[in-house]
Amino acid sequence: MIRVLVADDEALVRSGLRMILEAAGDMVVVGEARDGDEAVAAAARLRPQVVLMDVRMPGTDGLAAGARVLAAPAPPKLIMLTTFDLDEYVHEALRLGAVGFLLKDTPPRELAAAVRTVATGQAILSPAVIKRLITSFAGRAPSRAESARDRLASLTAREEDVIRALARGLSNAEIGRELRLAEATVKAHVSRLLAKLGLANRVQAAILVHDADLG
């Protein structure tokens, strides 16, 4: 069973998320939190595998609470819950190490699938949604774009091909088909380039590519 903590200041949202997740059959909501401070304490006490964290909460908001949760030893996987009017906050959350985000109106089946995905150590990269987030903020600061391009300059030509495809939301299998590489080879390239760039996951890699205006 996948252990999940739900943090949202609205009781109705928390209840709905609990019902959806526990109906999936392979996950259990081990706790709920009404604000960021409660979420940090609950994550430390209950040791969930995945935390669903609302961005906007009273007191300590989801972004600050998420940073504290991720700073703990052996932290859980963090998914931010949001709406598009909070894109910039989610963009920063992905930078600090969140593995993705979900809109609050995500269909139940997709919500459960997303939790399963991150529980296995993968990041959520929806081409239609994540790219909208990233491209909304990429390129605004020339210094950031230049810094991103400098970091990517360390990659080989093949690694650059892989990270560009990754930034478009393609899976390892899809990248392999596009670049005519074995899926295992793609996986090795992804692991190597993440280590080389000092990135935690595929979402951060995608952000870096879009910051460099290469996506």
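Please refer to the structure higher up on the page.
On a predicted model such as this, the values are computed, not experimentally measured, just so you know.

Reading guide: rules and limits
- Each residue is numbered by its place in its chain's sequence as written, counting from 1.
- It should be noted that, the model being predicted, local features are given only for residues of pLDDT at least 70 and side-chain atom pairs only at 80 or more, the latter also being counted only at that level, while totals for whole chains, interfaces and linings use all residues.
- To get the side-chain values, all heavy atoms of the structure are used, and hydrogens and water are removed first.
- When DSSP locates at least two bridges between a pair of strands, those strands are taken to pair.
- We count a stretch as a helix when DSSP gives it H or I for four or more residues in a row; a strand needs E for two or more, and each element gets its number in order from the N terminus.
- Here the axes come from fitting lines to C-alpha atoms, over the contacting stretch only for helices, and the angles between their N-to-C directions go from 0 to 180 degrees.
- The contact criterion used throughout is that any non-hydrogen atoms of two residues lie within 4.5 Å.
- What makes a nonpolar core is a set of buried Ala, Val, Leu, Ile, Met, Phe, Trp, Tyr and Cys residues whose side-chain atoms join them at distances within 4.5 Å.
- Working definition: with a 1.4 Å probe on protein chains only, accessible area under 20% of the residue-type maximum means buried, over 50% means exposed, and in between means partly exposed.
- Definition used for salt bridges: Asp or Glu carboxyl oxygen within 4 Å of a side-chain nitrogen of Lys or Arg.
- Every crossover in which the path from the first strand over the helix to the second runs clockwise, viewed with the strands pointing away from the viewer, is termed right-handed.
- Cavity: a set of points on a 1 Å grid over the protein atoms alone where a 1.4 Å probe fits but cannot get out. Pocket: an open set with protein on both sides within 12 Å along at least five of seven lines, its lining residues, like those of a cavity, having an atom within 4 Å of a point.
- Grid points are joined across faces, edges and corners, and a volume is the space filled by probe spheres set on the points.
- Polar here means any residue other than Ala, Val, Leu, Ile, Met, Phe, Trp, Tyr, Cys and Pro, which are nonpolar, and Asp, Glu, Lys and Arg, which are charged; Gly is therefore polar.

J.: Honestly, the sheet that holds strand β3 (residues 50-54) in this entry has me stumped. Any pointers?
T.: Remark on secondary structure: sheet strands pair via backbone hydrogen bonds, oriented parallel or antiparallel. Taken in spatial order, the 5 strands of this open sheet run β2-β1-β3-β4-β5, and their pairing is parallel. Across the chains shown, the open sheet's two edge strands, defined by having one partner strand only, are β2 (27-33) and β5 (100-103). Here the average twist between neighbouring strands, direction ignored, is 25 degrees. With 4 bridges joining them, strand β4 (residues 77-82) and β5 adopt parallel strand pairing. Residue pairing in the sheet places Ile 79 in a bridge with Gly 100 of β5. Docked against the sheet, helix α5 (residues 108-119) engages β1 (2-7), β2, β3, β4 and β5, running at close to 125 degrees with respect to β3.

J.: Would you mind showing me how to read the environment of Ala 165 here?
T.: Inspection of the secondary structure assignment puts Ala 165 in helix α8 (residues 157-167). Considered as a pair, Ala 165 and Gly 176 are 11 residues apart in the sequence and their alpha carbons are 9.7 Å apart. Those residues within four positions of Ala 165 in sequence are excluded, and the remaining contacts are Leu 170, Ile 175 and Glu 178.

J.: Is there a simple way to think about the nonpolar core in this case?
T.: Nonpolar side chains in soluble globular proteins tend to be buried together. One finds Val 4, Leu 21, Leu 52 and Met 53 to be the most contacted residues of the largest nonpolar core, which totals 43 residues. Ignoring sequence-local partners within four residues, the contact set of Met 53 consists of Ala 7, Ala 39, Gly 62, Ala 65, Gly 66, Val 69, Leu 78, Ile 79, Met 80 and Leu 81.

J.: What is the right way to look at the pattern of salt bridges in this model?
T.: It is possible for side chains of opposite charge to pair when their charged atoms get near one another. What the rule picks out here adds up to 13 salt bridges. A salt bridge links Arg 116 to Asp 26, with the shortest nitrogen-to-oxygen separation between them at 2.6 Å. With Arg 116 in helix α5 and Asp 26 in the loop between α1 (11-23) and β2, this residue pair connects regions lying 90 residues apart in the sequence. What makes Arg 116 partly exposed here is its relative accessible area of 30%. The partly exposed category is assigned to Asp 26, whose relative accessible area is 26%. For the salt bridge of Glu 159 with Lys 196, the shortest nitrogen-to-oxygen distance reads 2.8 Å. With a gap of 37 residues between them, Glu 159 in helix α8 and Lys 196 in helix α10 (residues 183-197) connect regions that are remote in the sequence. We classify Lys 196 as partly exposed; its relative accessible area is 39%. The network of salt bridges with shared partners includes Arg 14, Arg 18, Glu 22 and Glu 32.

J.: Explain the pairing of β4 here, please?
T.: A regular strand places its side chains on the two faces of the sheet in alternate fashion. For β4, the tally of buried residues reaches 5 of 6 residues, placing the bulk of the element in the interior. Across 5 bridges, the pairing between β3 and β4 is parallel. Residue Asp 54 lies in a different strand from β4, and its bridge partner there is Leu 81. What joins β3 to β4 is helix α3 (residues 62-71), and the crossover it makes is right-handed.

J.: Could you clarify how one ought to interpret the layout of surface pockets in this entry?
T.: Left-over empty space is what a probe sized like a water molecule reveals as it rolls over the atoms. One number sums up the size of the second largest pocket: a volume of about 160 Å³. Around the second largest pocket, the lining residues are Leu 12, Val 13, Gly 16, Leu 17, Ile 20, Leu 81, Leu 103, Lys 104, Asp 105, Thr 106, Pro 108 and Leu 111. For the lining of the second largest pocket, the element with the highest residue contribution is α1, accounting for 5 residues. Its residues assigned to classes, the lining of the second largest pocket shows 8 nonpolar, 2 polar and 2 charged.

In short, the description is geometric, and any link to function would need to be established separately.
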